[in-house]
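Results of the structural survey
So you can see what is in the structure, the chains are spelled out below.
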Amino acid sequence: MAGDPVAGELPDGGQVGGERPEARLDQAVRVAEQALIEFEIAVETFRVEVENFSRLHHQRLGPMYARLDELDAQIAEAKAARTGDPEDVRRAREARAAVLPMPGVEDLFDDWIDSEGLSAEAAAMLTERPVQPPKRVRPSDEARKLYRDLARQAHPDLAREEDERKRREEFITRVNAAYARGDEALLRELAAEWAAGPVPEVRLSEGEELYAQLEWLAQRKEMLSLVARELEESAIGAMLRLAPDDPDRLLEEIAEQLRTQVAEREAELAALLR
């Protein structure tokens, strides 16, 4: 019949049994982009967790490690004083060298003074009021959800033009900073800002550009894989992976072990000094 489509063609002019190679390539790029975004979110989330755990680890356990080092040095020195053996003297020197030096006066008081004089922490110490502990920085579940949503919506890899990529990169930098501080209110503001902003035009790229985009995505994923591996293999990362859902419990377990070690070292030193 007149007007009927010719065999082998579709009414819209497409080809039966397949589609343009550029369309398939464009789909592959989009799938790779989304996979990379999810991977970046996972890596950034773990990086923030490692950073926060490292801060808490240092705040809560740092003094115990320092005490252990000092006790080890004193025990080695006491043994060397008793025996006079050159090997014991050498061990004592090495143990003392391993103890971190006391900070200078400027370092000790650097955080005590601000533009208005004594900081709140310093004033509390001088007036014997309880000192507020360092602010806990761990993003809430809602902050994590806001972060993931914003990262998926505004990720620079979704941009097709350089100006749009730069706009997204600047915005995501602000999102990352807010998430690292656990600032849920700011993340909500950023979500509203993005929702009110311009929506980038999505266009089908040419085959050559799509191939280049796929290559860039592959390189980016390889780089992120290295970052993730370094985080996982770091001392703090390995510790965090032991108790990802309850890091506070892990810190308390380590603290208990350190308290036991300190008590043992103190008893050993007391016995040597009798």
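Computed from a prediction, not measured in an experiment: that's the story for all the values here. (Residues numbered from 1 in each chain as written. Predicted model: local features only at pLDDT ≥ 70, side-chain atom pairs only at ≥ 80, totals over all residues. Heavy atoms only, no water.)

A word on the overall build of the protein chain. Check the secondary structure of the protein chain and you find 10 helices and 2 strands. Listing the helices and strands of the protein chain from first to last along the sequence gives α-α-α-β-β-α-α-α-α-α-α-α. Relative to its 274 residues, the protein chain shows a buried fraction of 29%. (Helix = DSSP H or I, 4+ residues; strand = E, 2+ residues; numbered from the N terminus. Buried < 20%, exposed > 50% of the residue type's maximum accessible area, 1.4 Å probe, protein only.)

Right, let's talk about the pattern of salt bridges for a bit. Summed over the entire model, instances satisfying the criterion amount to 30 salt bridges. The residue glutamate 87 makes a salt bridge to arginine 91 at a minimum N-O spacing of 3.8 Å. Placement of both glutamate 87 and arginine 91 in helix α2 (residues 86–98) is noted, with a separation of 4 residues, approximately one turn of the helix. One salt bridge connects lysine 145 with aspartate 149, and the closest N-O pair in it is separated by 3.0 Å. (Salt bridge = Lys/Arg side-chain N within 4 Å of Asp/Glu carboxyl O.)

Contact pair helix α1 (residues 21–83) / helix α9 (residues 235–242): the axes reach a minimum separation of 9 Å and the direction vectors enclose 100 degrees. Of the possible angle classes, the one that applies to α1 and α9 is roughly perpendicular. Facing α1, whose interface residues are Phe46, Glu49, Val50, Phe53, Ser54 and His57, α9 presents Ile236, Gly237, Met239, Leu240 and Arg241. Of the residues contributing to the contact of α1 with α9, the split by class is 6 nonpolar, 3 polar and 2 charged. (Axes fitted to C-alpha atoms, helices over the stretch in contact; angles between N-to-C directions. Parallel < 35°, antiparallel > 145°, perpendicular 65-115°, else oblique. Contact = heavy atoms within 4.5 Å. Nonpolar A, V, L, I, M, F, W, Y, C, P; charged D, E, K, R; others polar.)

One pass over the structure, following the stated rule, counts 2 aromatic pairs. Arranged with centres 4.3 Å apart and planes meeting at 15 degrees, the rings of tyrosine 147 and tyrosine 179 form a pair that is stacked. Highlighted residues: tyrosine 147 in helix α5 (residues 141–154) and tyrosine 179 in helix α6 (residues 162–180), separated in sequence by 32 residues. Judged by relative accessible area, which is 4%, tyrosine 147 ranks as buried. Judged by relative accessible area, which is 0%, tyrosine 179 ranks as buried. Ring plane angle 35 degrees and centroid distance 5.0 Å describe the contact between phenylalanine 171 and tryptophan 194, whose orientation is recorded as tilted. Taken together, the residues phenylalanine 171 in helix α6 and tryptophan 194 in helix α7 (residues 184–196) connect sequence positions 23 residues apart. Of the two residues examined, phenylalanine 171 and tryptophan 194, each falls in the buried class. In this structure, arginine 165 packs its charged tip against the face of tryptophan 216, placed 5.2 Å from the ring centre. Cation over ring: lysine 221 sits above phenylalanine 39, and NZ or CZ is 5.3 Å from the ring centre. (Phe/Tyr/Trp six-rings, centres within 6.5 Å; stacked < 30°, edge-to-face > 60°. Lys NZ or Arg CZ within 6 Å of the ring centre and 35° of its normal.)

Our next topic: the nonpolar core. Grouped together as the largest cluster of nonpolar side chains are 30 residues, with contacts concentrated most on Phe53, Leu61, Met239, Leu250, Ile254 and Leu258. Sorting the residues of this core by element identifies α1, α8 (207–233), α9 and α10 (247–273) as the ones contributing at least two each. Of the residues forming this core, the biggest block, 13 residues, is contributed by α1. Setting aside residues up to four positions removed in sequence, leucine 250 forms contacts with Phe53, Met239, Leu240, Leu242 and Ala243. By size, the runner-up hydrophobic cluster in this structure holds 17 residues, among which are Ala154, Phe171, Val175 and Trp194. (Core = buried A, V, L, I, M, F, W, Y, C linked by side-chain atoms within 4.5 Å.)

Turning our attention to the packing of α1 against α2. Contact geometry of α1 with α2 gives a least axis separation of 8 Å together with a crossing angle of 160 degrees. The orientation of α1 relative to α2 falls into the category roughly antiparallel. As α1 runs across α2, the sense of the crossing is left-handed. Packed against α1, whose contacting residues are Asp69, Glu70, Asp72, Ala73, Gln74, Ala76, Glu77, Lys79, Ala80 and Thr83, the element α2 presents Asp88, Val89, Arg91, Ala92, Ala95, Arg96 and Ala98 at the interface. Taken together, the residues of the contact of α1 with α2 break down into 7 nonpolar, 2 polar and 8 charged. (Left-handed = near helix turned anticlockwise from the far one by under 90°.)

Here we take up the environment of leucine 240. Along the chain, the position of leucine 240 falls in helix α9. On the basis of relative accessible area, leucine 240 is assigned to the buried category, the value being 5%. Sequence separation between leucine 240 and valine 50 is 190 residues; the distance between their C-alpha atoms is 6.9 Å. Residues within four places of leucine 240 in sequence aside, it is in contact with Phe46, Glu49, Val50, Phe53, Pro247 and Leu250.

Further remarks concern the side chain of threonine 45. Mapped onto the elements of the fold, threonine 45 is located in helix α1. Side-chain polar atoms of threonine 45 contact the backbone oxygen of isoleucine 41, separated by 2.7 Å. Beyond its immediate sequence surroundings of up to four residues, threonine 45 is in contact with Tyr147, Arg148 and Tyr179. (Polar contact = N/O pair within 3.5 Å; in protein donor to acceptor, adjacent residues only side chain to side chain.)

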